[in-house]
Amino acid sequence: DQQVKQNSPSLSVQEGRISILNCDYTNSMFDYFLWYKKYPAEGPTFLISISSIKDKNEDGRFTVFLNKSAKHLSLHIVPSQPGDSAVYFCAASAYGNQFYFGTGTSLTVIP
Amino acid sequence: EAGVAQSPRYKIIEKRQSVAFWCNPISGHATLYWYQQILGQGPKLLIQFQNNGVVDDSQLPKDRFSAERLKGVDSTLKIQPAKLEDSAVYLCASSPRAYGYTFGSGTRLTVV
């Protein structure tokens, strides 16, 4: 049972434009969400987080939006850079228990 | 600070053989996780340790997989005997608390 879904396996964006990565979840008990970035042959690295008491969290070029009623979160990268090309995973947790990961979206930023 | 160390980076074995992976978490991190990531899928939690005790191993195939955390620090994950479907990247992560953990680079296992 896939509780966290990333329905777009890949995304291509021109350098300088906005990248929007989407994530949907089914468990209304999830109260903490993370985005991870993964380069080939490396482990995932933490990017940005958001708790369910907020609907937006911003860190530099990265902003995560949470829509609890729709059970949807998105990661915006503005402006996109070629170094952002990687696989992005969203993950969700309920009350500090294990995280459930989406299947990832491969982002390619075209110079 | 030093990151989460894992070894080996790559391993190729034949089915029915045994294999062991090692993880050294970040110093002071009480919680340690082993994840299995099959190509094209997100990481799946295999086992979670809090210090040297097991918190969650509900998704660990216990007939062939075992894990231990020595003295609440290093951890080993073993597969015996390996199957073709065990081919994956095995990721270790550690955390000082429930949220926001750090991953190691992983061990890529290929079972032939």
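The structure this text deals with has already been given above.
Residues numbered from 1 in each chain as written. Chains lettered and ligands numbered in written order. Predicted model: local features only at pLDDT ≥ 70, side-chain atom pairs only at ≥ 80, totals over all residues. Heavy atoms only, no water.

1. What about the interface of chain B and chain A?
- With 19 residues of chain B in contact, the opposing surface of chain A contributes 18 residues.
- Regarding the contact of chain B and chain A, the summed buried area is about 1500 Å², with carbon and sulfur atoms giving 58% of it.
- The interface formed by chain B and chain A contains zero residue pairs in polar contact (both at pLDDT 80 or more).
- Its residues assigned to classes, the side of chain B that touches chain A shows nine nonpolar, eight polar and two charged. (Contact = heavy atoms within 4.5 Å. Buried area = accessible area lost by both parts, 1.4 Å probe. Polar contact = N/O pair within 3.5 Å; in protein donor to acceptor, adjacent residues only side chain to side chain. Nonpolar A, V, L, I, M, F, W, Y, C, P; charged D, E, K, R; others polar.)

2. Some remarks on the side chain of Ser19 of chain A
All names here are of chain A.
- By secondary structure assignment, the location of Ser19 is in strand β3 (residues 19-25).
- Given a relative accessible area of 0%, Ser19 falls into the buried group.
- For Ser19, the side chain forms a polar contact with the side chain of Ser80, separated by 2.6 Å.
- Residues within four places of Ser19 in sequence aside, it is in contact with Val13, Leu75, His76, Ile77, Ser80 and Leu107. (Helix = DSSP H or I, 4+ residues; strand = E, 2+ residues; numbered from the N terminus. Buried < 20%, exposed > 50% of the residue type's maximum accessible area, 1.4 Å probe, protein only.)

3. A few points about the pattern of salt bridges
Residue and element names in this part refer to chain A.
- Under the definition given, this model contains four salt bridges over all chains.
- In this structure, the salt-bridge partner of Lys56 is Glu58, at a minimum N-O distance of 4.0 Å.
- For Lys56, a relative accessible area of 42% translates into the label partly exposed.
- Across the pair Asp84 and Arg61 runs a salt bridge whose closest N-O atoms are separated by 2.8 Å. Highlighted residues: Asp84 in the loop between β8 (72-77) and β9 (86-93) and Arg61 in the loop between β6 (56-59) and β7 (62-67), separated in sequence by 23 residues.
- Here Arg61 falls in the partly exposed class, since its relative accessible area comes to 22%. (Salt bridge = Lys/Arg side-chain N within 4 Å of Asp/Glu carboxyl O.)

4. Brief notes about the state of the cysteines
- Under the definition given, this model contains two disulfides over all chains.
- Paired by a disulfide, Cys23 of chain A and Cys90 of chain A hold their sulfur atoms 1.9 Å apart. Judged by the sign of its S-S torsion, about 70°, the bond between Cys23 of chain A and Cys90 of chain A is right-handed. Here Cys90 of chain A lies in strand β9 and Cys23 of chain A lies in strand β3, a separation of 67 residues in the sequence.
- Relative accessible area serves as the criterion here: at 1%, Cys23 of chain A is assigned to the buried category.
- In this model Cys23 of chain B forms its disulfide with Cys92 of chain B; the gap between the sulfur atoms is 1.9 Å. Since a negative S-S torsion denotes a left-handed disulfide, the Cys23 of chain B-Cys92 of chain B link at about -70° is left-handed. Placement of the pair is Cys23 of chain B in strand β3 (residues 19-24) and Cys92 of chain B in strand β9 (residues 88-95), with a sequence separation of 69 residues. Both residues of the pair, Cys23 of chain B and Cys92 of chain B, belong to the buried class. (Disulfide = S-S within 2.5 Å.)

Shape is all these values report; function is a separate question.
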